[in-house]
Protein chains: 2
Amino acid sequence: MPEQHDEQHTHPGPPRAPHLVIVGGGFAGLWATRALASAPLRITLVDRCNHHLFQPLLYQVATAGLSAPDIAAPLRHILRHQNNVEVWLGEVEQVQPEVREILLASGRRLGYDFLLIASGATHAYFGNEQWAPHAPGLKTLGNALDIRGRLLLAFERAELETDPVARQAWLNFAIVGGGPTGVELAGTLAEIARHTLANEFRHIDPRQARVLLIEAGPRVLPSFPDDLTAKARRQLEKLGVEVVTGAPVSAITAEGYQLGDEFVPARTVIWAAGVAASPLGRSLGVPLDRAGRVQVAPDLSVPGHPEIFVAGDLAALQQDGRLVPGVAPAAKQMGRFVASTLRRRLRGDASSQPFRYRDFGNLATIGRMAAIVHIGRFKLSGLLAWWFWLAAHVFFLIGFRNRLVVLMNWAVAYWSYRRSARIIFGRAGQAQTHSAVDEARSERN
Amino acid sequence: MPEQHDEQHTHPGPPRAPHLVIVGGGFAGLWATRALASAPLRITLVDRCNHHLFQPLLYQVATAGLSAPDIAAPLRHILRHQNNVEVWLGEVEQVQPEVREILLASGRRLGYDFLLIASGATHAYFGNEQWAPHAPGLKTLGNALDIRGRLLLAFERAELETDPVARQAWLNFAIVGGGPTGVELAGTLAEIARHTLANEFRHIDPRQARVLLIEAGPRVLPSFPDDLTAKARRQLEKLGVEVVTGAPVSAITAEGYQLGDEFVPARTVIWAAGVAASPLGRSLGVPLDRAGRVQVAPDLSVPGHPEIFVAGDLAALQQDGRLVPGVAPAAKQMGRFVASTLRRRLRGDASSQPFRYRDFGNLATIGRMAAIVHIGRFKLSGLLAWWFWLAAHVFFLIGFRNRLVVLMNWAVAYWSYRRSARIIFGRAGQAQTHSAVDEARSERN
């Protein structure tokens, strides 16, 4: 393995120090990396994107409130001063525990002494993959730009459509899935239709747009207590969202979707219904749960492989009879926990302690001046909750400049209803969609 | 033509007022539109993008200094209060003067009483179209994101490349064409390699990057006097750019380019050498110049068609033995001039006055703290010229919010050398390129 030897040879970390490979520069992977800044390790962080993404604000990019770079920072830049780390831009295809190597899409192999897999989750259609082209999900910046293009384009198409029925189909929007992402998208889209775009069109009134939020389960934001959920629903309806619960979508086509026994003509459907763990878990050959998550030991290691850890959305861990949720705080805590375990191991202390998730509370934003907050016994909703949510998220944004820009964009959006990123890439309204790019890619490959 | 009747019928402008169609929402088209706010016209502005683009700062998006939305504003939003205008998102395929209609790519036809064609110019390879995939040009936001991806990706590839020769090929950059765009790109790219990326890589030193600016003519920025051009060249070289003049590139492939009898291995070549007018001019059936520009009458109308005007980069007009340059100020002046001519016609005054371009001076930026300014007898270069250029461009940016954000990004970039938009879209470093999107599009059509 010449590459591996070469890599061993030139790694900037302390010579002959054990080699830790971290797959994924999300919250789990990045927080683990930073927590090991002073550790006697040679760390290689591999990600298929060149940036860390602040996922909690991705819906703002999809709804044209923020630019993509506002919520992303280059991993290299974040870690430039951490001398025991190098960053690789590459896609990991397989883990080969028996030889302690990972295999990259480029064909290159990378040996490890310790491995942390934090490749997260992606959206999933659970056997309905044929819905994907008609109902994009929201996990990457590419997805967000795709969705942004579709949302803005729908109003443009409606404006030029002369047939009233076809026109309304362009003004019918459906968001499938009543979790945090679905609620954020629905609330913000309703605001765009009612305020941002009002008076900018001549043939349509954007307020004619119907925004449906469809949840198969009995209520939206099920991770919150009933009373807060009920408040969230009322706030959504106040913003102009039609909330449909207990109704699964049974079909999605280019023309619309099937809801119960009604087929609703709609040209824009967004998928926020399901996530599945990164396929990387499979190559470990250990038990996975139904969503493809790795059932880790209490110390987040992989059963039978004390040198391999899993953190973030890819890890399935029961705590007090409930699964540790796939949220940013849990991912950060897991990342830091793996780092401390590794530091103990390097000191020769092989004792294993169990990870415990500390739940600092649960926030969800709903739209303009609407959110719900649940921290222990403390419950909050409406404007106050929204300011609380805003402060928390801007505070946690990586990169000082980004924080400033985000705050400013929000201030402007808040007072003027203007959204600063209402740009459709590509021409003649053919939005530059992620799927399009994927097509093109498979063309070239 | 039901659509046309429909369009006549529902246009928001004053009933039975003449119908003016403006093709292109650039400087010429947009300034004409705004200057006709109070005119008794029904105006339809057709553009294939949903936004007006501040072209002079496009190179900043390509070099990751600004986000795409920072320099673009939705045409609808800019014109929302102008009640005699409607905005169409669409691509114009043909003008049919004999029936006074334009034909859109959608198949839809639009009749006009007056027509202003301001569809601008695009970059051209002058019979070497096979170079296009290897040497993208810079005219649209899509181009800028393509180039940004290629520039950032080249350093990532070099970092992972183990063969020294192949590695240097990733670190060899060539910008072909010594006009303003080429100079801006070369100067900024040199700054990125020398400062922005320094210390962020482990296996390469980004300062090893070679940035060549190749100009076939005798000097860069030929529109400036010799002494200023010489200063510009020195400033470029101080920034780390190798300037090659009097040397045409005779071939460009995926592996590199042919310069004289030397083939230079280079994985990143950018085309800033030539522009050609929009193909729309051809469908008029009137004389064009070599670059495909329409040879307009002194009042910017099309010979034989007093109801059709051409403004901006698409218009070829001699003044004092020189061609009116294809710059933003000229386009704005032409747009306003056509507007005033139309207002006189509407008052029944058919007298035609000649357009005169007022040259307020010539600015070119070179890179960090380097620029040249030429206003009449007044010449300036270096830091002072750069501040002058900065002030002028931020001042002319459309949209108050954008101005603020752009200023702030620049302030940060200026003090920290950080560039705020260092994001590669797409995954595993497969940059989301414009060409890729075009491929995908032609797939779908």
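These numbers come from a predicted model, not from an experiment.

1. Points about the overall build of chain A
Broken down by element type, chain A carries twelve helices and 27 strands. Against the 2.2 N^0.38 benchmark of 22 Å for 445 residues, chain A shows a C-alpha radius of gyration of 23 Å, consistent with a compact globule. Each principal axis of the C-alpha atoms in chain A carries an extent, and together these give about 70 × 55 × 45 Å. A buried classification covers 60% of the 445 residues belonging to chain A. When contacts within chain A are restricted to residue pairs at least 6 apart in sequence, those whose partners lie at least 24 apart make up 65%. Of the accessible surface of chain A, which amounts to about 17,300 Å², a share of 55% is contributed by carbon and sulfur atoms. Averaged over its 47 positive side-chain charges, chain A has a centre that lies 8 Å from the centre of its 39 negative ones.

2. Topic: the domain arrangement of chain A
All names here are of chain A. According to the domain assignment, chain A contains domain 1 (4-123 + 275-346) and domain 2 (129-273 + 368-444). Put simply, the middle of domain 1 and the middle of domain 2, counted by C-alpha atoms, are 30 Å apart. Contacts between the two partners involve 33 residues from domain 1 and, on the opposite side, 31 residues from domain 2. Summed over the shared surface of domain 1 and domain 2, the number is zero salt bridges.

3. Here we look at the pairing of strand E13 (residues 241-245) of chain B
Residue and element names in this part refer to chain B. Across five bridges, the pairing between strand E12 (residues 210-215) and E13 is parallel. Counterpart to Ile214 in the pairing with E13 is Val244. Crossover E12 to E13 through helix H8 (residues 226-239) is right-handed.

4. Regarding the confidence of the model for chain A
Residues and elements named next belong to chain A. Taken as a whole, chain A shows an average pLDDT of 89; of its residues, 92% reach a score of 70 or greater. In this model, residues 1-8 is a region of pLDDT below 50 whose contacts with residues beyond four sequence positions or in other chains number 15 contacts. Contacts from residues 428-445, a stretch scored under 50 in pLDDT, to residues over four places away or in other chains number 53 contacts. Confidence metrics for the complex model read pTM 0.91 and ipTM 0.90.

5. Some thoughts on the sheet that holds strand E14 (residues 249-252) of chain A
All names here are of chain A. Taken together, three strands build an open sheet; the order of strands is E14-E15-E16 and the sheet is antiparallel. Both outer strands of the open sheet, E14 and strand E16 (262-265), are each paired with one neighbouring strand and no more. The sheet shows a mean angle of 20 degrees between the axes of neighbouring strands, taken without regard to direction. As paired elements, strand E15 (residues 256-259) and E16 share four bridges and run antiparallel to each other.

6. Looking at the pattern of salt bridges
The final tally for this structure, using the stated rule, is 28 salt bridges over all chains. We note a salt bridge from Arg150(A) to Asp146(A), for which the minimum N-O separation is 2.7 Å. Taken together, the residues span about one helical turn, with Arg150(A) and Asp146(A) both in helix H5 (residues 141-160) at a distance of four residues. When its relative accessible area of 3% is taken as the criterion, Asp146(A) is described as buried. As a salt-bridge pair, Arg109(B) and Glu101(B) come within 2.7 Å of each other at their nearest N and O atoms.

7. Some remarks on the packing of helix H2 (residues 27-35) of chain B against helix H9 (residues 328-346) of chain B
Residue and element names in this part refer to chain B. For the pair H2 and H9, the least separation of the axes is 7 Å and the interaxial angle reads 35 degrees. The crossing of H2 and H9 is right-handed. Counted together, Phe27, Ala28, Trp31, Ala32 and Ala35 of H2 and Ala328, Ala331, Lys332, Gly335, Arg336, Ala339 and Arg343 of H9 form the full contact between these two elements.

8. Notes on the side chain of His77(A)
Mapping His77(A) onto the fold places it in helix H4 (residues 75-78). Residue His77(A) is classed as buried on the basis of its relative accessible area of 10%. Once residues lying within four places of it in the same chain are set aside, the contact partners of His77(A) are Glu200(B), Arg418(B) and Arg422(B).

9. Concerning H2(B)
An α-helix turns once every 3.6 residues. As a result, residues three or four positions apart point the same way. The element H2(B) is extensively covered by neighbouring structure, given that seven of its nine residues are classed as buried. All of the buried residues in H2(B) are Phe27(B), Ala28(B), Gly29(B), Leu30(B), Trp31(B), Ala32(B) and Thr33(B).

10. Details of the pairing of strand E14 (residues 249-252) of chain B
Residue and element names in this part refer to chain B. One ladder, built from three bridges, connects E14 with strand E15 (residues 256-259); its direction is antiparallel. If you follow Val249 over to E15, its bridge partner there is Leu259. In sequence, E14 turns back onto E15 through a hairpin of three residues.

11. Re the sheet that holds strand E26 (residues 370-375) of chain A
Residue and element names in this part refer to chain A. The three strands lie next to each other as E25-E26-E27, forming an open sheet whose pairing is antiparallel. On the outer flanks of this sheet lie strand E25 (362-367) and strand E27 (378-381), each paired with one strand and no other. Each strand axis lies, on average, 5 degrees off the axis of its neighbour in the sheet, ignoring direction. Pairing between E26 and E27: four bridges, direction antiparallel. In the strand pairing of E27, Ile375 is matched with Phe378.

12. Describing the packing of aromatic side chains
All names here are of chain A. A complete count under the given rule lists 18 aromatic pairs over all chains for this structure. Among the aromatic residues, those joined into a cluster by ring pairs are Phe27, Trp31 and Phe54. Arg34 extends its terminal NZ or CZ atom over the ring of Trp31, reaching a point 5.2 Å from the ring centre.

13. Brief notes about unusual backbone geometry
Even without being a glycine, Met369(A) presents a positive backbone phi close to 60 degrees. Summarising the element assignment, Met369(A) is placed in the loop between E25 and E26. Here Met369(A) falls in the partly exposed class, since its relative accessible area comes to 28%. Its identity as a non-glycine residue notwithstanding, Leu300(B) has a phi of 70 degrees, on the positive side. Within the secondary structure, Leu300(B) is located in the loop between strand E19 (294-295) and strand E20 (301-302).

14. Quick word on helix H6 (residues 164-171) of chain B
Listed as buried for H6(B) are Arg167(B), Ala169(B), Trp170(B) and Leu171(B). Against helix H5 (141-160), strand E11 (172-176), E12 and strand E16 (262-265) of chain B lie the buried residues of H6(B).

15. Some thoughts on the environment of Leu79(B)
Inspection of the secondary structure puts Leu79(B) in the loop between helix H4 (75-78) and strand E5 (85-89). It is 38 Å that separates the C-alpha atoms of Leu79(B) and Gly382(B), two residues lying 303 residues apart in sequence. Discounting residues that sit within four places of it in the chain, Leu79(B) has contacts with Arg202(A), Leu30(B), Thr33(B), Arg34(B), Leu45(B), Val85(B) and Val87(B).

16. Here we look at the packing of H5(A) against helix H6 (residues 164-171) of chain A
Residues and elements named next belong to chain A. It is at 8 Å that the axes of H5 and H6 come closest, and there the two elements cross at 165 degrees. Overall, the two elements H5 and H6 adopt an arrangement that is roughly antiparallel. The element H5 and its partner H6 pack so that their crossing is left-handed. On H6, the residues that touch Ala154, Phe155, Arg157, Ala158 and Glu159 of H5 are Arg167, Trp170 and Leu171. A breakdown of the residues in the contact of H5 with H6 according to their chemical character gives five nonpolar, no polar and three charged.

17. Comments concerning the environment of Arg419(B)
Residue and element names in this part refer to chain B. Take Arg419: it is sitting in the loop between helix H11 (400-416) and helix H12 (434-444). Sequence spacing of Arg419 and Thr196 is 223 residues, and the spatial spacing of their C-alpha atoms is 7.0 Å. Each residue touching Arg419, except ones within four places of it in the same chain, is listed here: Gln60, Thr63, Ala64, Gly65, Thr188, Glu191, Ile192 and Thr196.

18. A look at the environment of Leu145(B)
Its place among the elements puts Leu145(B) in helix H5. Sequence separation between Leu145(B) and Leu58(B) is 87 residues, and the spatial gap between their C-alpha atoms is 9.8 Å.

Definitions and cut-offs
Residues numbered from 1 in each chain as written. Chains lettered and ligands numbered in written order. Predicted model: local features only at pLDDT ≥ 70, side-chain atom pairs only at ≥ 80, totals over all residues. Heavy atoms only, no water. Helix = DSSP H or I, 4+ residues; strand = E, 2+ residues; numbered from the N terminus. Rg over C-alpha atoms; globule rule 2.2 N^0.38 Å. Buried < 20%, exposed > 50% of the residue type's maximum accessible area, 1.4 Å probe, protein only. Contact = heavy atoms within 4.5 Å. Areas by Shrake-Rupley, 256 points an atom, 1.4 Å probe, with all protein chains shown as cover. Lys, Arg positive; Asp, Glu negative; His and termini not counted. Charge placed at Lys NZ, Arg CZ, Asp CG, Glu CD. Domains from an automatic or database assignment. Salt bridge = Lys/Arg side-chain N within 4 Å of Asp/Glu carboxyl O. Pairing = 2+ DSSP bridges. Right-handed = clockwise from strand over helix to strand, strands pointing away. pLDDT = per-residue confidence, 0-100. Axes fitted to C-alpha atoms, helices over the stretch in contact; angles between N-to-C directions. Left-handed = near helix turned anticlockwise from the far one by under 90°. Phe/Tyr/Trp six-rings, centres within 6.5 Å; stacked < 30°, edge-to-face > 60°. Lys NZ or Arg CZ within 6 Å of the ring centre and 35° of its normal. Parallel < 35°, antiparallel > 145°, perpendicular 65-115°, else oblique. Nonpolar A, V, L, I, M, F, W, Y, C, P; charged D, E, K, R; others polar.

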